[in-house]
Amino acid sequence: MDWDEFYKGTPAWDVGHPQRAFEALLEDGEIKPGRALDIGCGRGENAIMLAMSGCDVTGIDLAETAISDAKAKAAERHVNVNFVVGDVLMMDQLFKESEFDVVIDSFLFHTFTDKERPIFAKQVCRVLKPGGKYFMLCFSDKDPAGPGPRRISKAEIQHTFTPLFNVIYIADSSLVATTGKREAYLLSAVRKNIF
Ligand SMILES: C[S@@+](CC[C@H](N)C(=O)[O-])C[C@H]1O[C@@H](n2cnc3c(N)ncnc32)[C@H](O)[C@@H]1O
């Protein structure tokens, strides 16, 4: 998939504000100030919000255009975020083990193939401190079938993450796209101490 191509315009997920589910995690104290990583950060709204709430934030995305736009947006808002171009499936080449207290994922997991999922879970697990938290928002199988990303079931989320994480909850949630409000799952998981 040519992700850069999407950023020549405004892709459906690029709503120009953070997702409410992540705002609520900050308000409820589930995400606390610390080192945070936004994987597949796109144009950076969620990463910028975390930085404005006191986190030391890195945002990573494959798409150079998204990262360059995110950097410009953060500079315009006088917010400090370390935005980097890179592949989440190869984060072992970019980040040390146990670098982050929290990883957030806004619509990235549901883009991966079945084969990529265990590689992805391992990469996320590796960059988190033991006890570090992973919060993931994805399209759910409650969203009507149709175009757009794969709908994900709770069983698929469990299957991917339970080898490496303690799943705290998989909650019904929603995500906002330019096409409107959609059904989502919000995963809260804690890294097991296995590396
Ligand atoms: C559906 S978009 C979501 C963007 C952003 N999180 C948001 O909520 O606006 C998925 C993002 O993940 C990025 N992406 C896809 N595969 C990736 C990979 N292997 N490594 C890093 N970023 C990736 C894409 O470039 C895209 O920006």
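Treat the numbers as computed from the prediction; the structure is a model and nothing was measured.

Caption draft 1: Focus on the nonpolar core. Residues Ile39, Phe120, Tyr134, Ile157 and Phe161 are the most contacted members of the largest nonpolar core, which totals 30 residues. At the level of secondary structure, the elements contributing two or more residues to this core comprise strand E1 (35-39), strand E4 (100-106), helix H5 (116-127), strand E5 (128-139), helix H6 (154-161), strand E6 (165-177) and strand E7 (180-191). The biggest single contributor to this core is H5, with five residues. Ignoring anything within four residues of it in the chain, the contact list for Ile157 reads Phe109, Met136, Cys138, Ile152, Ile170, Tyr185 and Leu187.

Caption draft 2: Spatial organisation of the UniProt feature "domain: Methyltransferase" (unreviewed entry) in the protein. According to UniProt, the positions carrying the feature "domain: Methyltransferase" (unreviewed entry) are residues 37-132. Regarding residues 37-132, the helix share stands at 34% and the strand share at 26%, and the terminal C-alpha atoms are separated by 11 Å.

Caption draft 3: Summary view of the state of the cysteines. Across all of its chains, the model carries zero disulfides by this definition. Here Cys41 is not disulfide-linked; the sulfur of Cys55 is the nearest cysteine sulfur, at 15 Å. Cys125 forms no disulfide, and the closest cysteine sulfur to it belongs to Cys138, at a distance of 18 Å. Residue Cys125 is classed as buried on the basis of its relative accessible area, which comes to 0%.

Caption draft 4: Quick peek at the packing of aromatic side chains. The tally for this structure, following the rule as stated, stands at 13 aromatic pairs. Summarising the aromatic geometry, the rings of Phe161 and Phe165 are spaced 5.8 Å apart at their centres and angled 80° between planes, so their arrangement reads as edge-to-face. Neither residue differs from the other here; Phe161 and Phe165 are each classed as buried. Cluster of aromatic residues (ring-pair linked, three or more members): Phe109, Phe112, Phe120, Tyr134, Phe161 and Phe165.

Caption draft 5: Quick look at the packing of helix H2 (residues 20-27) against helix H3 (residues 45-52). Orientation of H2 relative to H3, taken along the N-to-C sense of each, is 15°, at an axis distance of 10 Å. When the axes of H2 and H3 are compared, the pair comes out roughly parallel. You can see that H2 and H3 cross each other, and the crossing is right-handed. Contacts between H2 and H3 involve Phe22, Glu23 and Leu26 on the former and, on the latter, Asn46, Met49 and Leu50.

Caption draft 6: Fine view of the pairing of strand E3 (residues 82-85). One ladder, built from four bridges, connects strand E2 (residues 56-61) with E3; its direction is parallel. Directly across from Gly59, in E3, lies its bridge partner Phe83. Where the polypeptide runs from E2 across helix H4 (residues 64-76) and back to E3, its parallel neighbour, the crossover connection is right-handed.

Caption draft 7: Focus on the packing of H5 against H6. H6 packs onto H5 with a crossing angle of 60° between their chain directions and a minimal axis gap of 9 Å. As the angle between them shows, H5 and H6 are arranged oblique. Packed against H5, whose contacting residues are Arg117, Phe120 and Ala121, the element H6 presents Glu156, Thr160 and Phe161 at the interface. For the contact of H5 with H6, the class distribution of residues is three nonpolar, one polar and two charged.

Caption draft 8: The arrangement of the sheet that holds E3 in detail. An order of E3-E2-E1-E4-E5-E7-E6 is seen for the seven strands of this open sheet, with the pairing classed as mixed. The open sheet has two free edges, formed respectively by E3 and E6, since each of these has just one partner strand. Here the strands of the sheet are splayed against their neighbours by 20° on average, with no regard to which way each runs. In this structure, E4 lies alongside E5, joined through six bridges in parallel fashion. When the bridges of E5 are listed, Phe100 appears paired with Leu128. Its contacts with the sheet place H4 against E2 and E3, and it is angled at close to 165° to E3.

Caption draft 9: A look at the site of the ligand. Around the ligand lies a shell of 17 residues, among which Tyr7, Gly40, Asp61, Asp87 and Ser106 are the nearest. Tyr7 is positioned with one of its side-chain polar atoms (N or O) 2.6 Å from an oxygen atom of the ligand. Taking Asp61, its side chain carries an N or O atom lying 2.6 Å from an oxygen atom of the ligand. Computed on the free molecule, the ligand has an accessible area of 590 Å², of which 95% lies beneath the protein chains in the complex. Residues of the shell around the ligand, tallied by class, amount to 10 nonpolar, five polar and two charged.

Here is what the cut-offs are and how they apply
Numbering of residues starts from 1 in every chain and runs along the sequence as written. For a predicted model such as this one, the threshold for reporting local features is a pLDDT of at least 70, and the threshold for listing and counting side-chain atom pairs is 80 or more; totals across whole chains, interfaces and linings nevertheless cover every residue. Side-chain figures throughout are based on the complete set of non-hydrogen atoms in the structure, without hydrogens or water. Each nonpolar core is a collection of buried residues, namely Ala, Val, Leu, Ile, Met, Phe, Trp, Tyr and Cys, held together in the definition by side-chain atoms within 4.5 Å. Note on classification: 1.4 Å probe, protein chains only; a residue is buried when its accessible area is under 20% of the maximum for its type, exposed when over 50%, partly exposed between these limits. Under the DSSP-based scheme used, a helix requires at least four consecutive residues in state H or I and a strand at least two consecutive residues in state E, with every element numbered from the N terminus. When checking whether two residues touch, look at their non-hydrogen atoms; a contact exists if any pair is within 4.5 Å. UniProt positions are given in the numbering used here, feature names are shortened, and annotations may be inferred rather than shown by experiment. In this description, a disulfide is simply a cysteine sulfur pair whose atoms lie within 2.5 Å. The aromatic pairing rule takes the rings of Phe, Tyr and Trp, using the six-membered ring of Trp, and pairs them if the centres are within 6.5 Å, calling planes under 30 degrees apart stacked, those over 60 edge-to-face and the rest tilted. Fitted lines through C-alpha atoms give the axes, limited to the stretch in contact for helices. The angle between two N-to-C directions lies from 0 to 180 degrees. Should an angle fall under 35 degrees it is taken as roughly parallel, and over 145 as roughly antiparallel, whereas 65 to 115 is taken as roughly perpendicular and any remaining angle as oblique. Whether a crossing is left-handed or right-handed is set by the direction in which the near helix is turned from the far one by less than a right angle, anticlockwise for left-handed and clockwise for right-handed. Strand pairing follows a simple DSSP-based rule, namely that at least 2 bridges must link the two strands. Looking down the strands as they point away from you, a crossover is right-handed if its path from the first strand over the helix to the second goes clockwise. For this classification, Asp, Glu, Lys and Arg are treated as charged, while Ala, Val, Leu, Ile, Met, Phe, Trp, Tyr, Cys and Pro are nonpolar and the rest, including Gly, are polar. A cutoff of 4 Å decides nearness: a residue is near a molecule or strand if any of its heavy atoms lies inside that distance of it. Here a polar contact is taken to be a pair of N or O atoms separated by no more than 3.5 Å, where protein atoms must pair a possible hydrogen donor with a possible acceptor and residues adjacent in sequence count only if both atoms sit in side chains. What sets the accessible areas is the Shrake-Rupley method with a 1.4 Å probe; for residues, cover comes only from the shown protein chains.

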